[in-house]
Each structure stands twice: as structure tokens, then as C-alpha cells.
Amino acid sequence: MFILKRQDVEIINVQNPQNPDQQVPILKYQGQTFRLLNMFGDNRDEALALWRDLTDNKGKACVLLEEPQRFSVWGRVKFDQMPVASAGGGDGAIVCGGVLMLQTIYAEVEDFLGNRQAGSFKQDLVQIMQKGALGHGTPEAINALLTDDPLSSMQLPPWDENKVQFLLGELHTLASSYFGGTGFVANAVDVLNDMSGADQAKFIGWLKSTPKGKLWQ
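Every chain is numbered on its own, with residues counted from 1 as its sequence reads. Only residues with pLDDT of 70 or above have their local features reported here, since the model is predicted, and side-chain atom pairs are shown and tallied only from 80 upward, although totals for entire chains, interfaces and linings are computed over all residues. Only hydrogens and water are set aside; all other atoms, that is, all heavy atoms of the structure, feed into the side-chain values.

Looking at soluble globular proteins, one finds that nonpolar side chains tend to be buried together. The criterion is simple. A nonpolar core is a set of buried Ala, Val, Leu, Ile, Met, Phe, Trp, Tyr and Cys residues joined through side-chain atoms within 4.5 Å. Only protein chains enter the accessibility calculation, which uses a 1.4 Å probe; a residue is then buried when its area is under 20% of its type maximum, exposed when over 50%, and partly exposed in between. Within the largest apolar cluster, 40 residues are counted, with the highest numbers of intra-cluster contacts made by F121, L125, W159, L168, F203 and W216. Segments assigned H or I by DSSP are reported as helices when at least four residues long, segments assigned E as strands when at least two residues long, and all are numbered from the N terminus. Elements supplying a minimum of two residues to this core: α2 (92-113), α3 (115-131), α4 (139-147), α5 (161-179), α6 (185-190) and α7 (197-209). No other element matches α2, which puts 10 residues into this core. We call two residues in contact whenever any of their non-hydrogen atoms come within 4.5 Å of each other. Those residues in contact with L168, other than ones at most four positions away along the chain, are G98, M101, F203, W206, L207 and W216. Residues F40, L48, L54 and F71 belong to the second largest nonpolar core, which totals 10 residues.

Structural data, given as C-alpha cells:
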């Protein structure tokens, strides 16, 4: 979206609601706000490659910030709280990863099986949400969950790790019934590359350590 110099932008620090002692940088440009996705030191080519992939291939609104000996990529957010924060105090990276996987599987149902099956999948998701007390127990709430970008959202669902694990277990069972196998797993895990390096590493590490997470390996 933008390649900017340091003098073009304002960078402020906001308090992380999950850790009051931590300050998180937010970039402001022409009334828009962006959160830091990745820092690259003096490796401009690597930063440019990520920026192009996010903007051209994934349609994300991003800033590539050029500073002396340092390049960074920032993703746009709505600024009312803090990026990747869970309303109920859950771990934002884990909730974000779970939502990304859910959205990816739904998109594959829609793309490969058609709108009718996608509608049935949504109805099944409503039942899963109600069963696990995850909220989003209405078609309207499910639509929002499936369309809102968790990487750009300031507030994620208020799920703890147990709820995310429940969702991933139920999601695996549901997707297997729709696709007749587990071919959906690879794309669902690949979407985690959209997360920042630290959040991705945290989520994948958590996934490997949980019983339901083994279904996705």
C-alpha cells in the first residue's frame, strides 16, 4: 500500500491490555493506524518481499517503513484498543491463529463445495459455538467471525486456550465430514504464515503441545 520514510509517519506507544507493563508501537499515517508485523534490520529485500506479498497477493493494507539501517512492515488496524487483544483476556496470538484456520476452512468449503454446502457449514458452526459456549451463536455473529480479519482487528473473541482447543477439535471433525478426509489441514496451517513471526511461532508451539493440536500436524 505505502512505502514511507520515518518523517512521513508518527509512531506512538500504546499499553498492551494483556500486559500493562508492555508498550506496543502503533504507526499513524493520514488518519490511519498500523501495527508492527515484522522488523528486518537492514534487509530491505526481505522487507519488500513481505510487503509485496501482503499487499499484492493477500490484499492487506500495509506500510513498508524505510529508516536508516532498518526496514519494517506494518499492517493496518482499527484503533480503539490494541492489536490482537482478546476481550476476555485470552492469549491474542492463540485466538488469532484459531480464527484464521476457521476462516480458511470455511473459504475452502465455499470454493470447492459451493454456496449450499457453505450455508450448511455455517449452521453447523452455530451449533459448535453454542455447544462450547464460545459466543457467536447466531448466523449474524458467525458471518462476522468468518469475515472480520483477525490480523487487523483490535479485539478478538474472548476465548481462552481451552475454548480454542475445543473449537479446533470440533472444526477438524466437521471439516473431515465435509471433505471426506483431511486434505484441508495443509492449507489451514499454511494460513498461519500471515501472522507475525512471533505470534506464528507462539501459536504453532502451542498447537504442537495440545491434544487437539496433534490433529493438525
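So, about the packing of α5 against α7. Each axis is a line fitted through C-alpha atoms, and for a helix only the stretch in contact is used; angles between axes span 0 to 180 degrees, taken between their N-to-C directions. Contact pair α5 / α7: the axes reach a minimum separation of 12 Å and the direction vectors enclose 70°. The angle between α5 and α7 falls in the class roughly perpendicular. Each of E161, V164, Q165 and L168 in α5 lies in contact with α7, whose residues at this interface are F203, W206 and L207. Polarity classes work like this: nonpolar for Ala, Val, Leu, Ile, Met, Phe, Trp, Tyr, Cys and Pro, charged for Asp, Glu, Lys and Arg, and polar for all others, with Gly in that last group. Residue composition of the contact of α5 with α7, by class: 5 nonpolar, 1 polar and 1 charged. Reported orientations rely on four angle classes, namely roughly parallel under 35 degrees, roughly antiparallel over 145, roughly perpendicular from 65 to 115, and oblique for the rest.

With 88% of its residues at a pLDDT of at least 70, the protein chain reaches an overall mean of 84. The predictor reports its confidence for every residue as pLDDT, a score running from 0 up to 100. Within the protein chain, no element has a lower average pLDDT than strand β7 (residues 85-86), which sits at 44, and none a higher one than α5, at 95.

For a helix, the expected span equals 1.5 Å multiplied by the residue count minus one. Its 13 residues give α7 an end-to-end C-alpha distance of 18 Å, which sits within 8% of 18 Å, the value for a rise of 1.5 Å per residue. Every buried residue belonging to α7 is among D199, Q200, F203, W206 and L207, and all of these are buried. Around the axis of α7, the buried residues are gathered within 135° of arc, so they sit on the same side. Relative to its buried face, α7 has exposed residues pointing more than 90 degrees away, namely A198, A201, K208 and S209. Where α7 is buried, its residues touch α2 and α5. Working definition: the arc comes from the directions between the helix axis and the C-beta atoms, pointing outward to the latter.

We now examine the packing of α2 against α5. In the contact formed by α2 and α5, the axes pass within 10 Å of each other and the chain directions differ by 15°. One way to sum up the angle between α2 and α5 is to call them roughly parallel. The hand of the α2/α5 crossing is left-handed. Between α2 and α5, the contacting residues are I94, V95, G98, M101, L102, I105, E108, V109 and L113 on the first element and E161, V164, L168, L171, A175, Y178 and F179 on the second. Put simply, a crossing is left-handed when the front helix is turned counterclockwise from the back one by less than a right angle, and right-handed when it is turned clockwise.

Counting buried positions along strand β5 (residues 62-67) yields 6 of 6 residues, so the element is predominantly enclosed. Think of it this way: DSSP has to see at least two bridges between two strands before they count as a pair. When strand β1 (residues 2-5) meets β5, the two strands line up parallel, connected through 4 bridges. Across the sheet, residue I3 finds its bridge partner in β5, namely L64. In this structure, β5 lies alongside strand β6 (residues 70-77), joined through 6 bridges in antiparallel fashion. Directly across from E66, in β6, lies its bridge partner F71. Between β5 and the antiparallel strand that follows it, β6, lie 2 residues; Q69 among them carries a positive phi value of about 65°.

Turning our attention to unusual backbone geometry. Of note in the backbone geometry, Q69 takes a positive phi value of approximately 65° without being a glycine. Overall, the relative accessible area of 61% leaves Q69 in the exposed class. Even without a glycine there, the phi angle at H136 is positive, about 55°. Mapped onto the secondary structure, H136 falls in the loop between α3 and α4.

Our next topic: the pattern of salt bridges. When a carboxyl oxygen of Asp or Glu is within 4 Å of a side-chain nitrogen of Lys or Arg, the pair counts as a salt bridge. Counted under the stated rule, the structure contains 7 salt bridges. Across the pair E66 and R44 runs a salt bridge whose closest N-O atoms are separated by 2.8 Å. With E66 in strand β5 and R44 in helix α1 (residues 44-57), this residue pair connects regions lying 22 residues apart in the sequence. Note on E66: relative accessible area 11%, which makes it buried. Here D53 makes a salt bridge to K58, at a shortest N to O gap of 2.6 Å.

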